Amino acid sequence: MFIKLDEWAGRNAVTKMEISFMQNYDLAETAPGQPGYDYWNGHFQIDYISATNAIDFSFNAEGEKEGFTASTGTLGGTGGELVYEWDGQEGLLESPTLMLDTAKRNGMSLTMTNGSGSSEVLIQWRTGDGIWSEDNMKRFTIPTEGKFTQNFNFSDQTSWNGEITAFRIIPQAASGTLKVDQIRFKQFAQLEKPYDGNTQARIEGGGLVIEGTLNQAFVEAHPSEQLYLIELATYEDAKSVLGAKSAIAEANLAQSFRFEIGLTDAERSRLYSKFVVAARTAEGEYVAIDAPQYVTNAEVMAGNTEPFPQAQSSKGLQVQMTGDAQELGISHAALNVAYNELMYKANIHPDNTIAYEIEGETYYFRKDKIERIDNEIKSMSDNGILVSLILIMYNSKDPESANEYLIHPDSE
Ligand SMILES: [Ca+2]
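About the cut-offs
- All residue numbers here refer to positions counted from 1 along the written sequence of the relevant chain.
- With pLDDT at 70 or above as the cut-off, local features in this predicted model cover only qualifying residues; side-chain atom pairs require 80 or more to be listed or tallied, and sums for whole chains, interfaces and linings still use all residues.
- These domain limits were set by an automatic method or by a database of domain assignments.
- Exposure criterion: with C-beta atoms placed from backbone coordinates, a residue whose C-beta has 20 or more other C-beta atoms within 10 Å is buried, one with 12 or fewer is exposed, and one in between is partly exposed.
- Secondary structure is summarised from DSSP: a helix means a run of H or I of at least four residues, a strand means a run of E of at least two, and numbering begins at the N terminus for each.
- Each pair of strands is called paired provided DSSP finds at least two bridges between the two strands.
- Lines fitted to the C-alpha atoms define the axes, with helices restricted to the stretch that makes contact. Angles between their N-to-C directions range from 0 to 180 degrees.
- Each residue gets a C-beta atom placed from its backbone, and two residues are in contact if those atoms lie within 7 Å.

### Points about the domain arrangement of the protein chain
Next up, step 1: Entries for the protein chain in the domain assignment read domain 1 (69–186), domain 2 (197–301) and domain 3 (316–406).
Next up, step 2: Measuring from the centre of the C-alpha atoms in domain 1 to the corresponding centre in domain 2 gives 39 Å.

### Describing the pairing of strand β8 (residues 132–141)
Next up, step 1: Burial analysis of β8 places just one of its 10 residues in the buried class, a small minority of the element.
Next up, step 2: Pairing geometry for strand β7 (residues 120–127) and β8, over six bridges, is antiparallel. Across the sheet, the residue bridging to R126 is W132, located in β8.
Next up, step 3: Counted between consecutive antiparallel strands, the loop separating β7 from β8 contains four residues, among which G130 sits at a positive phi close to 80°.

### With respect to the sheet that holds strand β23 (residues 332–338)
For sheets, the rule is that strands pair by backbone hydrogen bonds, running either parallel or antiparallel.
Next up, step 1: If you walk across this open sheet you meet the three strands as β22-β23-β27, and the pairing is parallel. Two strands lie at the open edges of the sheet, namely β22 (316–319) and β27 (386–392), each paired on one side alone. Each neighbouring strand pair of the sheet contributes to a mean axis angle of 20°, computed without reference to strand direction.
Next up, step 2: Pairing analysis gives seven bridges linking β23 to β27, with the strands arranged parallel. Within the sheet, the bridge partner assigned to V337 lies in β27 and is L391.
Next up, step 3: Sheet strands touched by helix α4 (residues 367–381): β23 and β27. Its angle to β23, the strand with the most contacts, is close to 180°.

### Quick look at the sheet that holds strand β13 (residues 207–214)
Next up, step 1: Pairing is antiparallel across the open sheet formed by three strands, whose spatial order is β12-β13-β16. Two strands close off the open sheet at either side, each with one partner strand: β12 (197–204) and β16 (256–261). Sheet twist, expressed as the mean angle between neighbouring strand axes with direction ignored, is 15°.
Next up, step 2: Across six bridges, β13 lies against β16 in antiparallel orientation. When the sheet's bridge partners are listed, L208 is paired in β16 with I261.

### Brief notes about unusual backbone geometry
Next up, step 1: Unlike most non-glycine residues, F59 shows phi in positive territory, near 55°.
Next up, step 2: Note that F59 resides in the segment before β1 (69–70).
Next up, step 3: The exposure class of F59 is buried, given the 25 C-beta atoms found within 10 Å.
Next up, step 4: A positive phi angle, near 55°, is found at E66, a position not held by glycine.
Next up, step 5: Looking at where E66 falls in the secondary structure, it is placed in the segment before β1.
Next up, step 6: On the basis of neighbour count, E66 is assigned to the buried category, with 20 C-beta atoms found within 10 Å.

### Quick look at the environment of P350
Next up, step 1: On the secondary structure map, P350 appears in the loop between β24 (343–344) and β25 (353–358).
Next up, step 2: Judged by C-beta crowding, with 10 C-beta atoms within 10 Å, P350 ranks as exposed.
Next up, step 3: Residues P350 and F365, 15 residues apart in the sequence, show an inter-C-alpha distance of 10.0 Å.

### Some details on the pairing of β23
Next up, step 1: By the bridge criterion, four bridges tie β22 to β23 in an arrangement that is parallel. If you follow V319 over to β23, its bridge partner there is L335.

### Section: the environment of N106
Next up, step 1: Relative to the helices and strands, N106 resides in the loop between β5 (100–101) and β6 (107–115).
Next up, step 2: Separated by 263 residues in sequence, N106 and K369 place their C-alpha atoms 57 Å apart.
Next up, step 3: Among all residues touching N106, those that are not within four sequence positions of it are N153, F154, S155, W160, Q187 and F188.

Given below as structure tokens:
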């Protein structure tokens, strides 16, 4: 609650403040006998009262700077904006004293015009200890022209903690103007802590190489430690499963690292796996240094390296009747393929089955369905039509099909 006193002549001679509430000032919604009808049953608490010249950080009162100060240059409140001009040395804007609870507000939204020419701005903050520390800063990229509203999210900053007592806006230029139309403190979605390194996975010399780099600061903070390579299945969520995994390789924790592993694990190919490189906390928990990575150059394994064919024209259709498609003279066609119709869950119709073995397991495809699709595709591709397939998994409960394993139990 803000009580504006600036136009009150007595504002410089306040000796006592009394706060009271009016009882029963409006009984419109209160029936006789209910709490509040003839007595107060509520709770009244004041957390703090501060005398400040901050109004609402909208800077809409002409000439009002709302308690902001500048280290150099000129500062004024005009046209609904806090206008800062500086020239010759780097300046900064400093807020009045605040009492901002970081548990309730993890960022701010600024509407401003950046006339500094720089595409960056630093926001610095001071907490209860009163120190302007280099640790209490975050750099943001901002537009260099036009008026914009941007969210400045500090939820990834461990030093945005406790009570913020002031903040600074530090433009990254020796001269320019900054016009601040409005500042709002807000609660944003939690930002993920940025990763401390980066990783790539690729096929090299018939094996797999997972290599990358770590930030210098991270390396210095973890002397003589190890990095761990962890293999995950496509569907596994690194955050929830990492703790239960064992590393498949280790390397020294250094600014650059490299793991070399086989492309297969016994019979199983690792082409569909994703790889996490992790360090360990003092408690022994894995901490990923980058997001999980897939192999990025699987094409080096391809048996067929013909270039992708070019369609003769842009004319194309999603096709139901392949005969029609040919008569219409299209150059490419899309065919729906109902994947739920393609497999048996066991070898229950050997006369109508194409068995396919991979990684020691046999899968049973329905021969009639596969041959039908094959015929449809061939009749079009023989006529120079480029065919694309749309794989669709219908939620069919055919008890002979493998659908109970193919359809996710939570799907709708
Ligand atoms: Ca304004």
